[in-house]
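Fold and geometry: a report
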Amino acid sequence: MYTFIKQHTGGIGMKLREISEQTGITKRNIHFYIKEGLIHPDVEAGSGYYEFSEEDKKRLLLIREYRNAGLPLAVIRSLLDQPSTAGFFLTWQVIQLKRQIIDCNRTLSGLHQVLDELPLHPDLDALYSITSGTEIPGASGAPYTDIRSDSILLVNRFLWNQFLPDGLVTEYQKYLWHKLNLTAEKVCPEDYAVLFSSLQTLSLPQIGSMLSQRSAHYDRIVSLSEEQCEDYAREMQRGLTALLENDSLLSFWKKNYTRFFLPEVKIYASRLSDIVAEISPFYRSYQEHINISSQILYRWYTTPEADSLRRSLSNKLRNYFDAELYRHGLFEALYSAGELMSRGW
């Protein structure tokens, strides 16, 4: 669960009955949301009654609307505690709803076909014959490939959303974001398709945990000084050495190399990265610092001192690692794999 720091606005808070009337949410459900940690009202010292702030009210109204939209509570928690994930999770829900529409339309078509052939007074044999010949589909759960633009948008939300400014405030930024989504279809569509398929295999809480971890990682990298970039390169060096002794982590890397790590690194090393850098000064700083750290590590990696590590990586990760490619981006991906595995991915 994400940590939430409540902002106190001062003054007398609203009582339970008042907040229930203003939000249209039952007292019982409000108690449930408090128990689940979705809202954090103050407790009056003398009476023990809850006092709800304007921020609690906003959170309750958001919970109401997103429950109406069919989002599970785990996702709503991510939206409330990490609003920067909203673009990803709302795009995810749009895709699920479009899937349901496709399934419902197929079912309607099947039922209409039965009705068109159905006599006024069918017996069981006639009903069976007509219906079985129609094969009314259920919820298919089939891979969602009908609308490529949606799948590309979802992957872009996953890859880039936490780098973006708070709202694309200028028309030029909006233009660049549109350009990013269009260019992705031309530059590396296969990598986007692979990542989209991989995301479909994860639960939404798993993705929320990943986004939280990545956000903290990006903040850390952006905050590095030039000297600290060197420290981070040495940290990755030690991490890669330790990784070679971890058979579970090596298996995890191999299993997810072509379905996640490699396509992600290829996208980050493509010209799409330059478009995001133009949108986001935050991403430019991240890109600069991670490139410095990766280059420092690569220079060491090519020295005689690194012969043992190089041979070990070659032997244990044959065909699953190449330090030369993609701006040496596989160094960081490999180093970060342990964090992903520890989060149950």
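Up top is the structure these notes are about.
Residues numbered from 1 in each chain as written. Predicted model: local features only at pLDDT ≥ 70, side-chain atom pairs only at ≥ 80, totals over all residues. Heavy atoms only, no water.

Time to look at the overall build of the chain. The helix and strand tally for the chain stands at 16 helices and two strands. Its C-alpha atoms give the chain a radius of gyration of 25 Å, clearly above 20 Å, the size a compact globule of 345 residues would have. Once the C-alpha set of the chain is aligned to its principal axes, its extents read approximately 85 × 70 × 45 Å. Per-residue burial over the chain gives 45% buried out of 345 residues. (Helix = DSSP H or I, 4+ residues; strand = E, 2+ residues; numbered from the N terminus. Rg over C-alpha atoms; globule rule 2.2 N^0.38 Å. Buried < 20%, exposed > 50% of the residue type's maximum accessible area, 1.4 Å probe, protein only.)

All right, on to the nonpolar core then. If you look at the biggest cluster of nonpolar residues, it comprises 90 residues, and the most contacted ones within it are Trp-160, Tyr-192, Ile-207, Trp-253 and Phe-321. The leading source of residues in this core is helix H12 (residues 247-268), at eleven residues. Discounting chain neighbours no more than four positions away, the residues touching Tyr-192 are Ile-152, Val-155, Asn-156, Leu-159, Trp-160, Ala-184, Ile-267 and Leu-272. (Core = buried A, V, L, I, M, F, W, Y, C linked by side-chain atoms within 4.5 Å. Contact = heavy atoms within 4.5 Å.)

Below, the discussion takes up the packing of aromatic side chains. Scanning the entire structure with this criterion turns up 23 aromatic pairs. On the basis of an interplanar angle of 50° and a centroid distance of 6.0 Å, the ring pair of Tyr-50 and Phe-52 is categorised as tilted. The partly exposed category is assigned to Tyr-50, whose relative accessible area is 27%. On the numbers, 6.0 Å between centres and 25° between planes, the contact of Tyr-172 with Tyr-175 is stacked. Of the two residues, Tyr-172 and Tyr-175 are both situated in helix H8 (residues 171-187); the distance of three residues between them amounts to about one turn of the helix. Assessed through its relative accessible area of 46%, Tyr-175 is described here as partly exposed. (Phe/Tyr/Trp six-rings, centres within 6.5 Å; stacked < 30°, edge-to-face > 60°.)

We now examine the environment of Ser-251. Topologically, Ser-251 is positioned in helix H12. Spatially, the C-alpha atom of Ser-251 lies 19 Å from that of Val-194, the residues being 57 residues apart in sequence.

Unusually for a residue other than glycine, Arg-327 sits at a positive phi of about 55°. With respect to the element layout, Arg-327 can be found in the loop between helix H15 (307-316) and helix H16 (329-342). Not every positive phi belongs to a glycine, and His-328 is a case in point at roughly 60°. Inspection of the secondary structure assignment puts His-328 in the loop between H15 and H16. The class for His-328 is buried, based on a relative accessible area of 15%.

Along the chain, the position of Gln-162 falls in the loop between helix H7 (148-160) and H8. On the basis of relative accessible area, Gln-162 is assigned to the buried category, the value being 14%. Here the side chain of Gln-162 touches Ser-215 through a polar contact of 3.3 Å, side chain to side chain. Those residues in contact with Gln-162 that lie beyond four places of it in its chain are Gln-82, Ser-84, Leu-211, Ser-215, Tyr-218 and Phe-282. (Polar contact = N/O pair within 3.5 Å; in protein donor to acceptor, adjacent residues only side chain to side chain.)

With that settled, consider helix H4 (residues 73-81). For H4, the buried fraction is high: eight of the nine residues fall into the buried class. Where H4 is concerned, the buried positions are Leu-73, Val-75, Ile-76, Arg-77, Ser-78, Leu-79, Leu-80 and Asp-81.

Looking at the secondary structure, you find Ser-198 in helix H9 (residues 189-200). You can call Ser-198 buried: its relative accessible area is 3%. With residues near it in sequence (within four places) discarded, Ser-198 still touches Arg-259 and Phe-260.

Orientation of H9 relative to H12, taken along the N-to-C sense of each, is 135°, at an axis distance of 9 Å. On the basis of their axis angle, the class for H9 and H12 is oblique. Judged by the sense of rotation from one axis to the other, the crossing of H9 with H12 is left-handed. Between H9 and H12, the contacting residues are Asp-191, Tyr-192, Val-194, Leu-195 and Ser-198 on the first element and Thr-258, Arg-259, Phe-260, Pro-263, Glu-264, Lys-266 and Ile-267 on the second. Residue composition of the contact of H9 with H12, by class: six nonpolar, two polar and four charged. (Axes fitted to C-alpha atoms, helices over the stretch in contact; angles between N-to-C directions. Parallel < 35°, antiparallel > 145°, perpendicular 65-115°, else oblique. Left-handed = near helix turned anticlockwise from the far one by under 90°. Nonpolar A, V, L, I, M, F, W, Y, C, P; charged D, E, K, R; others polar.)

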